[in-house]
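Examining the three-dimensional arrangement
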Amino acid sequence: MTFDTVILNGRWFDGTGGPSAVRNIGIRDGRVSAVTTEPIDGTDVVDATGHWVMPGIIDIHTHYDAEVLAAPGLTESLRHGVTSIVVGSCSLSTVHVNASEAADLFGRVEAIPHEHVVRIVGESKTWSGAQEYIEALESRPLGPNVTAFIGHSDIRVAVMGLDRATRKDVRPTRAEQARMEAMLTDALDAGFIGLSSQQLLFDRLDGDVCRSRTLPSTYAKARELRRLKALLRRRDRALQSGPDITHPQNIVSQAFQSVGIGRPRLKTSLLAAADMKSAPAGMWITVVLAAIANRLGGDMRFQHLPVPFEVYADGIDLVVFEEFGAGAAALHLKTELERNKLLRDEAYRRAFRKDYDSKFGPRAWHRDFFDAEIVACPDETVLGKSFGDVGVERGGLHPVDAFLDLVLEHGKELRWRTTISNHRPKMLRQLAVKAGIQMGFSDAGAHLRNMAFYNCGLRLLRHVRDEQRAGREFMSVERAVHRLTGELADWYHLDAGHLRIGDWADVLVLDPERLDSSLDGYHEAPIAAFGGLKRMVNRNDATVKTVMVAGRTVFADGQPTDIVGQQRTGSFLRADGRPRNVARPGVVAA
């Protein structure tokens, strides 16, 4: 029997967490048709001797909402074996808002240039609802599979207008509430995986109309949220949410709302479980909350990035400064001239120093400029030093003054980095095995100059493999593969994440011997869809041998194949069990 493609002699993982074994895989019509020890033949042959053959990775937290419209191949994820991605995270989607509203929502909080979001959404938008949005995606040459949350901020702005949706004293009318519920129902009917909302008060709007107000979903009160959540409960769809960490009771409330008690449980995925430098014990709060809620009958997960959370910044452009008043005041100003005037003001500097020195209250950034390395600057004498070190050398300046002085001197040519969380390998290992943890939170497609976690799944596999070889196994490779693939697919009800007979052949073939230091390297690459803007990326081309979506090869030996960006290989994955709308080979998307 001849197959379209055969993958020979690889160590096969089926995505269920079951035992792996060396097998030959036969693929026909996009699906796995054989898993066998017997010799098989195919039109295309992939020699996987010494390699791992596993389901494609699922990335549950991305902000590709604009990029997927302009560059639907999404090669930065495909090249690392990610074959299914989720858009519509953090209350943000482009299903209902217009182009300028979308840019105001995405531009600042996700650090995606405002002008490019306006242009891309404005040129692309032909849809007016969820089903038409899916059709618009599938009219494009999608590289990976895509699925989506409907964003709470999206529907709130579409119904109430951006200004009314971001006022504390305004509630939706009964008609507006009903319209939001209808929009959510339409999205669930179309196959969306649920609703994303956001209560975190550090995420702010871009643009001119409502600049620096927090995201629209943060203004929603209990009744509005309760009615939207009721729709999710009845349909067993997920709520993704970022709780307000300035009020820890909000996190506790989210946990116990998952339980249900007298009503269906609420499938909940919260941001995020991390080993924070600013709050070393905080990770255990999330772990314990999830364990209690799930033991009481809930279905709650905390999303987790399984690698060190290292961020870079050009000057003062970094979202963590939104956490406190002085930082948010600087980011509120749009021009360098305005910002520089503020940064020179001594009263402002006093306020910044006060915010910096205050160590009380929850925060993401540890606020330690001694733990912030300068990696690029026209003044080469400061390279490799921290801002604290520079302050000491400049006569004992406060670290804040050393930082602000360098920003004034060099602007965005000053580039620096710090690690905010997940810095202790031991804690990463402990989080990775917890049942209430969900592998994700890559933020792919956002924070383009700040971070790159496109290969975080590969880095988890390296950690697991290295510890196993050192005799300190904390998780089997089979379990790690399951956490990145089948576990996520099953939880979100997606037809993906497995590699058994009859499953779609979304495949990653990787060389375990090249799970090495190349995964950590720093790289930049231009984004054609964003005018050539350079973003941080990952490059470990020798690690990934082959990537397939629905049986079609999209990456081989670190390079995209000719069909990527030209023909649709991915589909919109519906959470209601409907089959994939798989494109026919050779058909170019409209």
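On a predicted model such as this, the values are computed, not experimentally measured, just so you know.

A short note on the environment of Gln430
Summarising the element assignment, Gln430 is placed in helix α16 (residues 425-432). Separated by 416 residues in the primary sequence, Gln430 and Asp14 have C-alpha atoms spaced 24 Å apart.

Here's the deal with the domain arrangement of the protein
Examined at the domain level, the protein breaks down into domain 1 (55-310 + 421-492) and domain 2 (314-418). Just the C-alpha atoms count here: the centres of domain 1 and domain 2 sit 29 Å apart. Each partner contributes residues to the interface: domain 1 has 18 residues there, and domain 2 has 20 residues. When domain 1 packs against domain 2, close to 1,600 Å² is buried across both sides, 47% of that on carbon and sulfur atoms. When the area that domain 1 buries against domain 2 is broken down by residue, the three leading residues are Phe202, Arg211 and Arg449, summing to 32%. If you look at where domain 1 meets domain 2, you find six salt bridges. For Arg417, the salt bridge goes to Glu310, with nearest N and O atoms at 4.0 Å. For the pair domain 1 and domain 2, the interface holds ten residue pairs in polar contact (both at pLDDT 80 or more). Of the residues in the side of domain 1 that touches domain 2, the class split is five nonpolar, six polar and seven charged.

Some words on the packing of aromatic side chains
Inspection of every chain in the model, using the stated rule, returns 26 aromatic pairs. Judged by centre distance (6.2 Å) and plane angle (80°), the rings of Phe149 and Tyr492 are edge-to-face. With Phe149 in strand β8 (residues 145-151) and Tyr492 in helix α19 (residues 486-492), the pair connects residues that are 343 residues apart, well separated along the chain. One exposure class covers both Phe149 and Tyr492, and it is buried. For the pair Trp491 and Tyr492, a centre-to-centre distance of 4.8 Å together with 80° between the ring planes defines the contact as edge-to-face. Classification of Trp491 by relative accessible area gives buried; the value is 8%. By way of ring pairs, the aromatic residues Phe321, Phe324, Tyr348, Phe352, Tyr356, Trp365, Phe369, Phe387, Phe403 and Trp416 are connected into one cluster. Positioned above the aromatic ring of Trp504 is the side chain of Arg31, whose terminal nitrogen or guanidinium carbon lies 4.0 Å from the ring centre.

Some remarks on a nonpolar patch on the surface
There is a patch of nonpolar side chains on the surface, built from Val252, Phe256, Val288, Ile292 and Leu296 and spanning about 400 Å² of accessible area. For the nonpolar patch, the elements supplying multiple residues, two or more each, are α9 (248-257) and α10 (282-295). For Ile292, the position within the fold is in helix α10. The class for Ile292 is partly exposed, based on a relative accessible area of 37%.

The rules behind each value
- Residues numbered from 1 in each chain as written.
- Predicted model: local features only at pLDDT ≥ 70, side-chain atom pairs only at ≥ 80, totals over all residues.
- Heavy atoms only, no water.
- Helix = DSSP H or I, 4+ residues; strand = E, 2+ residues; numbered from the N terminus.
- Domains from an automatic or database assignment.
- Contact = heavy atoms within 4.5 Å.
- Buried area = accessible area lost by both parts, 1.4 Å probe.
- Salt bridge = Lys/Arg side-chain N within 4 Å of Asp/Glu carboxyl O.
- Polar contact = N/O pair within 3.5 Å; in protein donor to acceptor, adjacent residues only side chain to side chain.
- Nonpolar A, V, L, I, M, F, W, Y, C, P; charged D, E, K, R; others polar.
- Phe/Tyr/Trp six-rings, centres within 6.5 Å; stacked < 30°, edge-to-face > 60°.
- Buried < 20%, exposed > 50% of the residue type's maximum accessible area, 1.4 Å probe, protein only.
- Lys NZ or Arg CZ within 6 Å of the ring centre and 35° of its normal.
- Patch = residues over 30% accessible without salt bridge, like charges linked within 9 Å, V, L, I, M, F, W, Y side chains within 5 Å.
- Areas by Shrake-Rupley, 256 points an atom, 1.4 Å probe, with all protein chains shown as cover.

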